[in-house]
Amino acid sequence: MRNLRVCTRCIYDESVPAITFDEAGVCNYCRMHDDLDRRYPAGPEGERILRKMADEIRVAGRGKKYDCVVGVSGGCDSSFMLHKAVEMGLRPLAVHFDNTWNSPIATQNIYNLLDALGVDLFTLVVENEEYNDIYRAFLRAGLKDIEAPTDIALATTLYLAAEQHGVRYILEGHSFRTEGISPLGWLYMDGKFIESVHHRFGRVPMRSFPNLTFARFVRWAAWRNIKRIRPLWYLPYNKDAAKRLLAERYGWQWYGGHHLENRFTAFYHAYFMPRRAGIDQRLLGHAALVRSRQLERRTAMALMAEPPDCPPEIVAMVKKRLGFSEQEFAALMALPIADWRDFETYKPLFERLRPFFWVLMKLDRVPESFYLKFCRPMAQQGP
Ligand SMILES: [Zn+2]
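Residues numbered from 1 in each chain as written. Predicted model: local features only at pLDDT ≥ 70, side-chain atom pairs only at ≥ 80, totals over all residues. Heavy atoms only, no water.

For strand β2 (residues 92-98), the tally of buried residues reaches seven of seven residues, placing the bulk of the element in the interior. Residues of β2 alternate between two faces, with Pro92, Ala94, His96 and Asp98 on one and Leu93, Val95 and Phe97 on the opposite face, all of them buried. For strand β1 (residues 68-71) and β2, the ladder comprises four bridges, and the chain directions are parallel. Note that in β2 the partner of Gly71 across the bridge is Val95. One crossover worth recording links β1 to the parallel β2 by way of helix α3 (residues 76-87), and it is right-handed. The pairing of β2 with strand β3 (residues 121-125) spans five bridges and is classified as parallel. Within the sheet, the bridge partner assigned to His96 lies in β3 and is Thr123. Remark: the β2/helix α4 (residues 104-117)/β3 crossover connection has right-handed handedness. (Buried < 20%, exposed > 50% of the residue type's maximum accessible area, 1.4 Å probe, protein only. Helix = DSSP H or I, 4+ residues; strand = E, 2+ residues; numbered from the N terminus. Pairing = 2+ DSSP bridges. Right-handed = clockwise from strand over helix to strand, strands pointing away.)

Structure follows, in structure tokens:
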């Protein structure tokens, strides 16, 4: 175990990409948190902004069946976002991308919530064998960005639902206060990247996978004026309180670990990333909770000292569904790590069109985190 310098306020250490420390030993990610905290106030000012936001969404949705779409995974944050949307007097359409790896608890959570709130569901299910082949392609390529296809497909599904129903707002259940903002070095994703990895390593034609091509992205963000907003940024969002509320009101169940709502995501977080890349992504959430004073620094350190726990049946399921023998799987886990930059991506195009995306960011059409991560050259990365 190397002795790494640790931030004196959160629990980030020198292994985090682009980290720097000030004289007091506080890291730049903590400063970014404080900056966001000022720009996205959570108290009475946040409430006022949320009310105004809800008014605008209602006006834009007049005469339509729905006025916003909300992605649901059965997890805590997205479930709370849907609850909040209804509480704000909105008429959401819930949207789910089903990559066929959902855990039964997550599916039950989604249905309980929708029943109780009387919200309709738009689901896009990808063809099973095709999706497994995309996962196999990423693993064979030696990449660590194996959840990129799911993140991209969810973004596409949200846009598709919004376009189909003439909805102008996508509400994202993200909170920097509980989840943090992940450094670019941990996961890269874009539609071109997926196409390029699949082209080199995939075997089953990509038909049902909802990819986010550049043309679609621009059509939705610039032409159709679809906004992506994060209402939880204006709330003193507390994870434990949210879980309690969801359990009491909707019979929502906690599945016993972050991201365990989806079995491949659980494999990715608790098994693949720590073993393949030495990255334990619990660090992100735990550090965010420490910064927002929802978790004691000491407790967070103790939690991180426990190795990530992936139920063996999940690893067995990954091998079985992807059709890897023990030997094949072991060989894949031992491949040299490939770099996303060895594949074609939209990154050079995003960088060239930086002024265009700056305007879109100012209009809430793309999240600020997208602009910061994808439109700035790598040398300028980091908060
Ligand atoms: Zn820090």
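Before going further, it helps to examine the sheet that holds β3. Read from one edge to the other, the open sheet built from five strands follows the order β3-β2-β1-β4-β5, with strand pairing classed as parallel. Either end of the sheet is taken by a strand with one partner, and the two such strands are β3 and β5 (227-229). Taking the axes of each pair of neighbouring strands and ignoring which way they run, one obtains an average angle of 25° across the sheet. When strand β4 (residues 169-171) meets β5, the two strands line up parallel, connected through three bridges. Directly across from Leu171, in β5, lies its bridge partner Ile229. In the packing of helix α2 (residues 44-60) onto the sheet, contacts are made with β1, β4 and β5, and the angle to β4 comes to roughly 135°. Contacts from helix α6 (residues 148-164) reach β1, β2, β3, β4 and β5, with the element oriented near 145° to β2. (Axes fitted to C-alpha atoms, helices over the stretch in contact; angles between N-to-C directions. Contact = heavy atoms within 4.5 Å.)

The subject of this paragraph is the coordination of the zinc ion. Within the protein, the atoms that donate to the zinc ion are Cys7 (SG), Cys10 (SG), Cys27 (SG) and Cys30 (SG), at distances of 2.3 to 2.4 Å. Around the zinc ion, the four donor atoms are arranged such that angles at the metal cover 104 to 114°; this shape is classified as tetrahedral. All donors of the zinc ion come from a single chain, and their spacing in sequence reads C-x2-C-x16-C-x2-C. Here Cys30 lies in helix α1 (residues 28-39) and Cys10 lies in the segment before α1, a separation of 20 residues in the sequence. Judged by relative accessible area, Cys10 falls into the buried class, the value being 0%. (Donors = N, O, S within 2.8 Å, 3.2 Å for Na, K, Ca; no water. Tetrahedral: all angles 85-135°; square planar, octahedral: opposite > 155°, others 65-115°.)

Fair warning: the whole summary comes from geometry, so function is off the table for now.
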